[in-house]
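# Topology and contacts: notes
Here's the letter readout for the chains.
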Amino acid sequence: MAAPAAVWLAFGFSPEEAAGEPGPGPGPWRLDAGPEGISRVWPAWSYVVVETAVAVPQLLGLCQPGAGLVAAGRAWWGLWAGGSGLCVCLSVPLCPCRHGQLGHGLLESELQPRLVEALAGVPMRAVAAGGWHSASVSEAGDLYVWGWNESGQLALPSKALAEERARDDAGAGSAELMPGREQQAAEEAAFISIQAFPALLDLPQDLEVSAVSCGSRHTAVVTRGGELYTWGWGKYGQLGHGNNVSSDQARRVEHLVAKGLRVEEVVCGPWTTYVRVQEP
């Protein structure tokens, strides 16, 4: 019996849309780089670099003038995980860290690597940096998130999304006026705009995480059971739920489960999500 084939699927903002052409739809769609297959994916703002089995990088999609292998004009900032510590620094001070994405509890930039004290002594196996938020996975499979939560990318209560849902409900005529006391309590709910320290995130059913990736304002994780969960900004369908709805709660991508696809790896682009799956 032949071994299951590994393929890369994608959903969200497509290279065709980046070029001003009609996109493939809500997806997921399959990445095709020839018979040699794809081993790794590096997405940028308007194109994606893929590495094939013969180790020749290929560019897919529109490549803007002046853009290299990394999106032009963006500040590069890195995270290192190893041993029992996590260090974060901003190497080019083009984007002030006013959203707590470094995890030090402050809203200031760091020009040198600095230990994230809140995670000191916790062995880490994976780390990811998004547009204004960060995430890491411990050896035990625990997920930590920090930074900006404007679009619910930390899977913490987002005021912006709550207000958006209220407007949608009111527009649909399903919203009921709450008494004054209840209205005030709702307005004072513990919404989180910025999480400056790493927060331990509880996934549904206490799932353990094996991999994490962050987009501009969305997050995706792979569980040890091979399932994909996503949350955050969903305008371009990058969450994989078949719609353009944003979410501040972790949701399983049911399409992959229905197809019997086991997820092995996830890589988020700014507005896109790429997943490597095993076909049955």
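Residues numbered from 1 in each chain as written. Predicted model: local features only at pLDDT ≥ 70, side-chain atom pairs only at ≥ 80, totals over all residues. Heavy atoms only, no water.

## Looking at the pattern of salt bridges
- This structure, assessed with the given rule, holds eight salt bridges.
- Arg-30 is the partner of Glu-279 in a salt bridge, and the nearest nitrogen-oxygen pair spans 3.4 Å. Here the residue Glu-279 occupies a position in the segment after strand S18 (272–278), and Arg-30 occupies one in strand S2 (residues 29–30), the gap between them amounting to 249 residues.
- Salt-bridge contacts for Arg-114 lead to Glu-110; the nearest nitrogen and oxygen are separated by 2.8 Å.
- Take Arg-114: its relative accessible area is 32%, and that puts it in the partly exposed class.
- Through salt bridges with shared partners, a single network forms among Glu-227, Arg-252 and Glu-254. (Salt bridge = Lys/Arg side-chain N within 4 Å of Asp/Glu carboxyl O. Helix = DSSP H or I, 4+ residues; strand = E, 2+ residues; numbered from the N terminus. Buried < 20%, exposed > 50% of the residue type's maximum accessible area, 1.4 Å probe, protein only.)

## Things to note about the sheet that holds strand S13 (residues 209–214)
- The sheet built from four strands is open, its strands ordered S13-S14-S15-S16 with antiparallel pairing. Either end of the sheet is taken by a strand with one partner, and the two such strands are S13 and strand S16 (247–252). Averaged over neighbouring strand pairs, the angle between their axes works out to 15° when direction is ignored.
- Summarising the sheet, strand S15 (residues 228–232) and S16 pair through three bridges and their orientation is antiparallel. Residue pairing for S16: Tyr-229 is matched across the bridge by Arg-252. (Pairing = 2+ DSSP bridges. Axes fitted to C-alpha atoms, helices over the stretch in contact; angles between N-to-C directions.)

## Some thoughts on the packing of aromatic side chains
- All chains considered together, the criterion is met by five aromatic pairs.
- Relative to Trp-148, the ring of Trp-132 lies with its centre 5.4 Å away and its plane at 80°, an arrangement referred to as edge-to-face. Here Trp-132, found in the loop between strand S9 (124–129) and strand S10 (133–138), pairs with Trp-148, found in strand S11 (residues 143–148); they are 16 residues apart in sequence, far enough to count as distant.
- Given the relative accessible area of 25%, Trp-132 is considered partly exposed.
- Aromatic rings pair up to connect Phe-13, Trp-233, Tyr-236 and Trp-271 into one cluster.
- The cationic tip of Arg-217 hangs over the ring face of Trp-233; the distance from NZ or CZ to the ring centre is 4.1 Å. (Phe/Tyr/Trp six-rings, centres within 6.5 Å; stacked < 30°, edge-to-face > 60°. Lys NZ or Arg CZ within 6 Å of the ring centre and 35° of its normal.)

## So, the sheet that holds strand S12 (residues 194–201)
- Spatial strand order, S9-S10-S11-S12: four strands in an open sheet with antiparallel pairing. Bordering the open sheet on either side are S9 and S12, each of which pairs with just one other strand. Taken pair by pair, the neighbouring strands of this sheet meet at an average axis angle of 15°, ignoring direction.
- The pairing of S11 with S12 spans five bridges and is antiparallel. In the strand pairing of S12, Val-145 is matched with Ala-199.

## Regarding unusual backbone geometry
- Unlike most non-glycine residues, Ala-155 shows phi in positive territory, near 60°.
- Note that Ala-155 resides in the loop between S11 and helix H2 (159–171).
- Residue classification places Ala-155 among the buried positions, given a relative accessible area of 14%.
- Positive phi values are uncommon outside glycine, yet Asp-206 reaches one of about 55°.
- Along the chain, Asp-206 falls in the loop between S12 and S13.

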